[in-house]
Amino acid sequence: MHGTYTAVIHKEGDLYVADCPEVGSVSQGSTIELALKNLQEATALYLEETEYTPYGNAFIKTFNVY
């Protein structure tokens, strides 16, 4: 399924981990760019193999912990 998806990227040790919250796919890479590229590939493969129902657009919201 073609479309625009969200990537949330954070660093774990020496790797960057990329997560797509709309689909639930996750990948990693040694750079942000590689992690994003790997996430795009993983998400495309997942969408080819799965009957995916989109939830709508994801959004990012920050919050405080006291």
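Only a predicted model underlies this, so the values are computations on that prediction, with no experimental measurement involved.

Sorry if this is basic, but what is going on with the pattern of salt bridges here?
Side chains that differ in charge, positive against negative, can pair when their charged atoms come close. Considering all chains together, one arrives at one salt bridge under this definition. Residue Lys37 is joined to Glu41 by a salt bridge in which the shortest nitrogen-to-oxygen separation is 3.0 Å. Of this pair, Lys37 and Glu41 are both found in helix 1 (residues 32-49), four residues apart, which corresponds to roughly one turn of the helix. By relative accessible area, Glu41 is classed as partly exposed at 42%.

What should I look at first to understand the side chain of Glu22 in this one?
Relative to the helices and strands, Glu22 is located in the loop between strand 2 (15-20) and strand 3 (25-29). A relative accessible area of 6% means that Glu22 is categorised as buried.

What exactly am I supposed to notice about the sheet that holds strand 3 here?
Whenever strands of a sheet pair, they do so through backbone hydrogen bonds, lying parallel or antiparallel. An order of 1-2-3 is seen for the three strands of this open sheet, with the pairing classed as antiparallel. Each end of this open sheet is capped by a strand with a single partner; those strands are strand 1 (8-12) and strand 3. If you compare each strand with its neighbour and ignore which way they point, the axes differ by 25 degrees on average. Along the sheet, helix 1 contacts strand 1, strand 2 and strand 3; its crossing angle with strand 3, the most-contacted strand, is approximately 145 degrees.

What counts, and where the lines are drawn
- Residues numbered from 1 in each chain as written.
- Predicted model: local features only at pLDDT ≥ 70, side-chain atom pairs only at ≥ 80, totals over all residues.
- Heavy atoms only, no water.
- Salt bridge = Lys/Arg side-chain N within 4 Å of Asp/Glu carboxyl O.
- Helix = DSSP H or I, 4+ residues; strand = E, 2+ residues; numbered from the N terminus.
- Buried < 20%, exposed > 50% of the residue type's maximum accessible area, 1.4 Å probe, protein only.
- Pairing = 2+ DSSP bridges.
- Axes fitted to C-alpha atoms, helices over the stretch in contact; angles between N-to-C directions.
- Contact = heavy atoms within 4.5 Å.

Shape descriptors only; they carry no functional weight alone.
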